[in-house]
Amino acid sequence: GDSVTQMEGPVTLSEEAFLTINCTYTATGYPSLFWYVQYPGEGLQLLLKATKADDKGSNKGFEATYRKETTSFHLEKGSVQVSDSAVYFCALSDPSLGGANSKLTFGKGITLSVRP
Amino acid sequence: DGGITQSPKYLFRKEGQNVTLSCEQNLNHDAMYWYRQDPGQGLRLIYYSQIVNDFQKGDIAEGYSVSREKKESFPLTVTSAQKNPTAFYLCASSTNLNRGDEQFFGPGTRLTVL
């Protein structure tokens, strides 16, 4: 079945540091890929998405490129802020399977802490 | 403003009691979902529904039940059969289950069994 693997955490960075969070996936079709962010005590918010190979999703300075050849969707940001401290989830949805198998599959999430 | 509401934010339950978590959306979405989140384990799907009066079990449905009598509402009941119910519960919705559209999440309910 489909699966998403995220790098182990937690990650602690200083403000203005460069961020990379790795995400790789396994899917039988051509999935849509997502990054969600969860701030403390809240639900998940969509950060960015990409629906086909070589698409780049971007939002709030974060970027991720859909790499079919490496089955990856790594999240990057050039300069993190304290306000970026949160839990980040990579997820996929494979619409080609249809019906019950089109649901989102999430990675385990990684906690990012940014110190001033 | 359109969105998803969950209530209550915090819920305490004694062992052996059933409790119902509320989820309402005004986004006119067809599909709705319930997830359970435990520390370090990501999100696990409990139940989902593509249309009114239809719902399917997810990966960890044992000890839970749902109903979908209205498009806007998808309540989750945590029964006494759920052996470890203490967790953070998230409700979500999306426009069309089959097109891989993104899901929109509510703020969550934290359930604690005393």
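Residues numbered from 1 in each chain as written. Chains lettered and ligands numbered in written order. Predicted model: local features only at pLDDT ≥ 70, side-chain atom pairs only at ≥ 80, totals over all residues. Heavy atoms only, no water.

Across all of its chains, the model carries two disulfides over all chains by this definition. The partner cysteine of Cys23(A) in its disulfide is Cys90(A), sulfur to sulfur 2.0 Å. Residues Cys23(A) and Cys90(A) are joined through a disulfide that is left-handed, its torsion about the S-S bond being -70°. One end of the pair, Cys23(A), is in strand S4 (residues 23–26); the other, Cys90(A), is in strand S10 (residues 86–93), with 67 residues separating them in the sequence. For Cys23(A), a relative accessible area of 1% gives the class buried. On the basis of relative accessible area, Cys90(A) is assigned to the buried category, the value being 1%. Here Cys23(B) connects covalently by a disulfide to Cys91(B), the sulfurs 1.8 Å from one another. As the torsion about the S-S bond is roughly -70°, the Cys23(B)-Cys91(B) disulfide counts as left-handed. Placement of the pair is Cys23(B) in strand S3 (residues 19–25) and Cys91(B) in strand S9 (residues 87–94), with a sequence separation of 68 residues. (Disulfide = S-S within 2.5 Å. Helix = DSSP H or I, 4+ residues; strand = E, 2+ residues; numbered from the N terminus. Buried < 20%, exposed > 50% of the residue type's maximum accessible area, 1.4 Å probe, protein only.)

We now examine the pattern of salt bridges. Enumeration according to the criterion identifies seven salt bridges over all chains in this entry. The residue Lys77(A) makes a salt bridge to Asp84(A) at a minimum N-O spacing of 2.8 Å. Each of the two residues, Lys77(A) as well as Asp84(A), counts as buried. Look at the salt bridges and you will find they share partners, linking Arg36(B), Asp38(B) and Arg44(B) into a network. (Salt bridge = Lys/Arg side-chain N within 4 Å of Asp/Glu carboxyl O.)

Here we come to the sheet that holds strand S9 (residues 75–77) of chain A. Residue and element names in this part refer to chain A. Across the sheet, four strands lie side by side as S3-S9-S8-S7; this open sheet has antiparallel pairing. Each of the sheet's edge strands pairs with one partner strand only, and the pair in question is strand S3 (19–21) and strand S7 (56–59). Recorded for the sheet is a direction-independent mean angle of 15° between the axes of neighbouring strands. Where strand S8 (residues 62–65) meets S9, three bridges bridge the pair, whose relative direction is antiparallel. Counted as the bridge partner of Ala64 is Leu75 from S9. (Pairing = 2+ DSSP bridges. Axes fitted to C-alpha atoms, helices over the stretch in contact; angles between N-to-C directions.)

With that settled, consider the sheet that holds strand S7 (residues 64–66) of chain B. Residues and elements named next belong to chain B. Judged by pairing direction, the sheet is antiparallel, and its four strands sit side by side in the order S1-S3-S8-S7 without closing on themselves. Only two strands of the sheet have a single neighbouring strand rather than two, namely strand S1 (4–7) and S7. Across this sheet, the average inter-strand angle for adjacent strands is 20°, counted without regard to direction. Taken together, the four bridges between S1 and S3 define a ladder with antiparallel strand orientation. The residue of S3 that forms the bridge with Ile4 is Gln25.

To continue, consider the interface of chain A and chain B. With 22 residues of chain A at the interface, the matching set in chain B holds 23 residues. The contact between chain A and chain B buries some 1,600 Å² in all, and 55% of this surface belongs to carbon and sulfur atoms. Three residues, Leu44(A), Lys103(A) and Phe106(A), lead the burial of chain A against chain B; their summed loss comes to 27% of the area buried on that side. On inspection of chain A and its partner chain B, the count reaches one salt bridge. For Lys49(A), the salt bridge identified is with Glu102(B), shortest N-O distance 2.6 Å. In this assembly, chain A and chain B are joined by six residue pairs in polar contact (both at pLDDT 80 or more). (Contact = heavy atoms within 4.5 Å. Buried area = accessible area lost by both parts, 1.4 Å probe. Polar contact = N/O pair within 3.5 Å; in protein donor to acceptor, adjacent residues only side chain to side chain.)

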